[in-house]
Number of protein chains: 2
Amino acid sequence: MESRRTVAPGPGKGAQTRARIVAVAAEAFARDGFDALSLRDLAGRAGLTHAGLKHHFATKEALLLEVLDERDRSDSEAFALWPHRRSGREVLRWAVEIVSRNTTQPGTASLYARLSGEAGDRHHPAHPHFFQRYRRLVAIIEAAFQEEAAQLPAHLAPRTAARQFVALMDGLQVQWLLDPDDVDMVAQLTAYLAGIGISIDDTKDRTTEEAPAR
Amino acid sequence: MESRRTVAPGPGKGAQTRARIVAVAAEAFARDGFDALSLRDLAGRAGLTHAGLKHHFATKEALLLEVLDERDRSDSEAFALWPHRRSGREVLRWAVEIVSRNTTQPGTASLYARLSGEAGDRHHPAHPHFFQRYRRLVAIIEAAFQEEAAQLPAHLAPRTAARQFVALMDGLQVQWLLDPDDVDMVAQLTAYLAGIGISIDDTKDRTTEEAPAR
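Residues numbered from 1 in each chain as written. Chains lettered and ligands numbered in written order. Predicted model: local features only at pLDDT ≥ 70, side-chain atom pairs only at ≥ 80, totals over all residues.

Asker: How should I be thinking about the overall build of chain A in this particular structure?
Answerer: Looking only at helices and strands, chain A has eleven helices and zero strands in total. For chain A, the N- to C-terminal ordering of α and β elements is α-α-α-α-α-α-α-α-α-α-α. Within the span of chain A, comprising 214 residues, buried residues form 33% of the whole. Of all intrachain contacts in chain A linking residues separated by at least 6 positions in sequence, the fraction that spans at least 24 positions is 61%. (Helix = DSSP H or I, 4+ residues; strand = E, 2+ residues; numbered from the N terminus. Buried ≥ 20, exposed ≤ 12 C-beta atoms within 10 Å, placed from the backbone. Contact = placed C-beta atoms within 7 Å.)

So this is what it looks like as structure tokens:
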């Protein structure tokens, strides 16, 4: 962090330029992938010279990590806040909503699918990012299942259900990216949850209050 | 296929050299990844000049596809044969055994995880390979669940179970690659199957025949 500030010409203009580069790169990576783009291409799209972009990001990997961090920042805040403020079912519904949102962003989904696969390599620049991301995500989903433990089948530990649910999110995404017409990720996740006793249909919450007795 | 024969100097020596290149590349990709290696590196490891290797494989992508096809060939034969020869439970047990084998080959698992992610892009050279691979794999697992349909929960269609099971294989692999000490893929898949009424414990088959009545 400190080193970034020393190279940028101050928090004002430099920070704005950085933010613009990150926004441009996020869109470009999502649409065209990571390999297909050079730092030079990205500089052009951000209206900078190659040297101007390198002043902010020395390598394409450094820029990618900033894109990932930036995209996770809002999700992370939600991750951190939701479990304390919402029921387990609502956290699970929110996770399914993120998957639903991903179906409108196949480029970003593809970038994540690819990176989460290659980041298993300890030497990959995104390894620490993904390692922490999965630890956090599994912990949040586990807490959600823990809250709904009374609904779960007797033999299914919340942690096991959490690993399965997160694995389904990733694995279904691989199938959906390859065969989008034949795979409905949201329906699949909803079916999995229903199969272990958890309905995330939000009309159910209201039904108990609103349905008139006949 | 025909064009390969016309560039190779005949089915004898040329085919042997091709096979050696593919074997060397399979090991190298699995250990060092796809990006880290150049065709020149691979030529050196196979005891060939760069030009000598390019005589057989013009690009690294072409060589990768041959590695994937070669590795799938034996699995494919098994895929094609098993469902007709074995029970659904046995096919599922065999799928779990493949996952178990993968835990001893993290480099190959990582290459597959990464490629299956990026192959969602229609323009990726491995797209047709992975598209067909998943169609076939899901169909085989679906047939296995179909055979065991009497065990499945009433609301779980064999095709849905198949998509879930294949997704778990891929998604658990992502988590395992990132965090191998904390993720047991085989235990997770076995637990999933047990949760939907299917035990793949092979001692069960014998128990009914061998267990003495007390």
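Now, onward.
Asker: Please clarify how the interface of chain A and chain B should be interpreted in this entry.
Answerer: Accessible area lost upon the coming together of the parts serves often as the stated size of an interface. Across the contact, 36 residues belong to chain A and 36 residues belong to chain B. For the side of chain A that touches chain B, the secondary structure elements donating two or more residues are helix H7 (106-118), helix H8 (127-147), helix H9 (158-178) and helix H10 (185-195) of chain A. Its residues placed into classes, the side of chain A that touches chain B shows 18 nonpolar, twelve polar and six charged. (Nonpolar A, V, L, I, M, F, W, Y, C, P; charged D, E, K, R; others polar.)

Asker: Explanation requested: the relation of the copies chain A and chain B in the structure shown.
Answerer: Least-squares fitting of chain A to chain B yields an RMSD of 0.0 Å, with the transformation described by 0.0 Å of translation along the axis and a rotation of 180°. Here the symmetry operator amounts to a two-fold rotation axis. When the interface residues of chain A are mapped onto chain B, 100% of them are again interface residues, pointing to one common binding face. (Least-squares fit on C-alpha atoms with pLDDT ≥ 70 in both.)

Asker: Could you clarify how one ought to interpret the packing of helix H9 (residues 158-178) of chain B against helix H10 (residues 185-195) of chain B in this entry?
Answerer: Residue and element names in this part refer to chain B. Where H9 meets H10, the closest approach of the two axes is 10 Å, and the angle between their N-to-C directions is 150°. As far as their axial angle goes, H10 and H9 are roughly antiparallel. Along this stretch, H9 crosses H10, giving a crossing that reads as right-handed. Residues Phe165, Leu168, Met169, Leu172, Gln173 and Trp176 of H9 form the contact with H10, whose own contacting residues are Met185, Gln188, Leu189 and Tyr192. A class-by-class count of the residues in the contact of H9 with H10 yields eight nonpolar, two polar and no charged. (Axes fitted to C-alpha atoms, helices over the stretch in contact; angles between N-to-C directions. Parallel < 35°, antiparallel > 145°, perpendicular 65-115°, else oblique. Left-handed = near helix turned anticlockwise from the far one by under 90°.)

Asker: What's the story with the domain arrangement of chain A in this structure? I'm lost.
Answerer: All names here are of chain A. Domain annotation for chain A reports domain 1 (1-58) and domain 2 (68-200). Listed per partner, the contact involves seven residues of domain 1 and six residues of domain 2. A class-by-class count of the residues in the side of domain 1 that touches domain 2 yields five nonpolar, one polar and one charged. (Domains from an automatic or database assignment.)

Asker: When you look at helix H7 (residues 106-118) of chain B in this model, what are you seeing that I'm missing?
Answerer: Because the α-helix completes a turn every 3.6 residues, residues three or four places apart line up on one side. Residue and element names in this part refer to chain B. A rise of 1.5 Å per residue sets the reference length of H7, with its 13 residues, at 18 Å; its end C-alpha atoms lie 18 Å apart and thus fit the reference within 8%. Along H7, ten of the 13 residues are buried, which leaves the element largely enclosed by surrounding structure. Of all the positions in H7, only Ala109, Ser110, Leu111, Tyr112, Ala113, Arg114, Leu115, Ser116, Gly117 and Glu118 are classed as buried. (Expected span 1.5 Å × (residues − 1).)

Asker: How should helix H6 (residues 88-102) of chain B be read in this particular structure?
Answerer: Taking 1.5 Å per residue, 15 residues should reach 21 Å; H6 of chain B reaches 21 Å between its end C-alpha atoms and fits that length. Listed as buried for H6 of chain B are Gly88, Arg89, Val91, Leu92, Arg93, Ala95, Val96 and Asn102 of chain B.

Asker: What's the story with the environment of Ala43 of chain B in this structure? I'm lost.
Answerer: Residue and element names in this part refer to chain B. Mapped onto the elements of the fold, Ala43 is located in helix H3 (residues 39-45). Its 20 C-beta neighbours within 10 Å are what place Ala43 among the buried residues. When the C-alpha atoms of Ala43 and Ala25 are compared, they prove to be 9.1 Å apart, with 18 residues separating the residues in sequence. Every residue in contact with Ala43, bar those within four places of it in the chain, is listed here: Leu48, Thr49, His50, Gly52 and Leu53.

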